Amino acid sequence: MLDRYDPRNWQISLEGVIHTLIVLGGALAVAFLVHWVAFAILRRLARTSDSSLDDAVVEAVRKPLRWAAFAFAIAVAAENDALVGQGWDSLARFLTPAVVGWVAYAVVRGLARGYEAQISGAEDPVAQRGRLTRIAILSRTVKVAIIIITVSLIMLNIPGVRDVGTTMLASAGLAALAVGAAAQPALKSLIAGLQMAMTQPLRIGDLVKVDGEAGRVEEIRMSYVTVRTWDERVLVVPTSRFLDQSFENWSRVDEKLTGPVMLHLDPIADVDPIRAEFERFVQAHDLWDGRNLQLLMTDAFPESIALRLSMSADTIGDLWTLRCAVREHMLAWLKENQPDALIRHRLEVPGGHSKAEEPSAP
């Protein structure tokens, strides 16, 4: 039984081995030379063009096409040498779909990188984020489809797997129900990802507020979205969450926003000087974009009044810094110019705190 694996029983002559090595080595050498020359020409042509798309595609497919050239060379050698043909017939069924799938995957990756490089220089940041989001989601979808098809083609060449597939087709009804139930979460994520790419309720780089947390969208996957908050925490939110429930997108159209600073003062406060100082300070500040500037008394109670100081800035980060500066300046100005406008509550309650001393009797 094991005699077939004994090298002494192999019907291979020395001349045959030498012929096989010459044919196989020559085919591989020619394939390597052709690949090297072809990509030297393609790289030179890509450098002469103004677009970065062809550079990214050429660089992405260089290595996969080298192995594709080697596979083609072995196939040619198999036609001229029986020994090579025997081995290649067994491997070709698995290597051919793997190499073709690798090349297709590399082409999609190169196209995605090339388009991202082209978009990175766009002047409109909102349009740039939208295109980057669409490219990221669609490229991931196509790459997942290529992987699934490639693995399926490889596995169908395994006799045992093919037999299982035939058995499942015989009971198509049960198989369809089982596959549908098992694939429901994956299909829901796939549909949600495609809907996200088409409708774009949010994009990579948008500032959103979800579940009470605000942060920048870092990555959009088929099944989840990552949001990085100001304190560098990362929120992982299911993609369907942004399609099924409401959320805040602070940069949907552009980064320009208007934000408030609230001051709660004593009713004795003189509002006109406060308004004049607020407008003077903001108009002289570098971060104000000149769009919105207003002070309104939004509420009044017997013990306090509420002043809303609204201002605008070009970006969300600039608005946050401007609001903090206004809040700090106005409190300092009130302490110096209208100290009576600041509300003070001082209560002395006997036994109010265990560490407080009781007031002495008169």
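Quick note: structure is the one above.
Residues numbered from 1 in each chain as written. Predicted model: local features only at pLDDT ≥ 70, side-chain atom pairs only at ≥ 80, totals over all residues. Heavy atoms only, no water.

A. Representation of the layout of surface pockets within the structure. Empty space within the largest pocket amounts to approximately 470 Å³. In terms of lining residues, the largest pocket is bounded by 17 residues, among which Leu207, Ala214, Trp250, Ile316 and Trp320 are the most central. Breaking the lining of the largest pocket down by element, the ones donating at least two residues are β1 (207-210), β2 (213-220), β3 (224-229), β6 (257-265) and α9 (316-337). By residue number, the principal contributor to the lining of the largest pocket is α9, which donates five residues. Looking at the lining of the largest pocket residue by residue, the class counts come to eight nonpolar, four polar and five charged. (1 Å grid on protein atoms, 1.4 Å probe; cavity = no way out; pocket = protein on both sides within 12 Å on 5 of 7 lines; lining within 4 Å. Points joined across faces, edges and corners; volume = space filled by probe spheres on them. Helix = DSSP H or I, 4+ residues; strand = E, 2+ residues; numbered from the N terminus. Nonpolar A, V, L, I, M, F, W, Y, C, P; charged D, E, K, R; others polar.)

B. Molecular detail of the sheet that holds strand β8 (residues 305-313). Taken together, the three strands give an open sheet; going across it, the order is β6-β8-β7, and neighbouring strands pair in antiparallel fashion. The open sheet has two edge strands, β6 and β7 (288-300), and neither has a second partner. On average, adjacent strands in this sheet sit at an angle of 20° to one another, irrespective of strand direction. As paired strands, β7 and β8 are joined by eight bridges and run antiparallel to one another. Pairing of Asp299 across the sheet is with Ala306, part of β8. (Pairing = 2+ DSSP bridges. Axes fitted to C-alpha atoms, helices over the stretch in contact; angles between N-to-C directions.)

C. How the structure looks around the pairing of β2. As defined by bridge partners, β1 adjoins β2 across four bridges and the pair is classed as antiparallel. For Val210, the partnering residue across the bridge sits in β2 and is Glu213. Joining the antiparallel neighbours β1 and β2 is a turn of two residues, in which Asp211 adopts a positive phi near 55°. Judged from the five bridges that link them, β2 and β3 form a sheet pairing that is antiparallel. In the strand pairing of β3, Val217 is matched with Val227.

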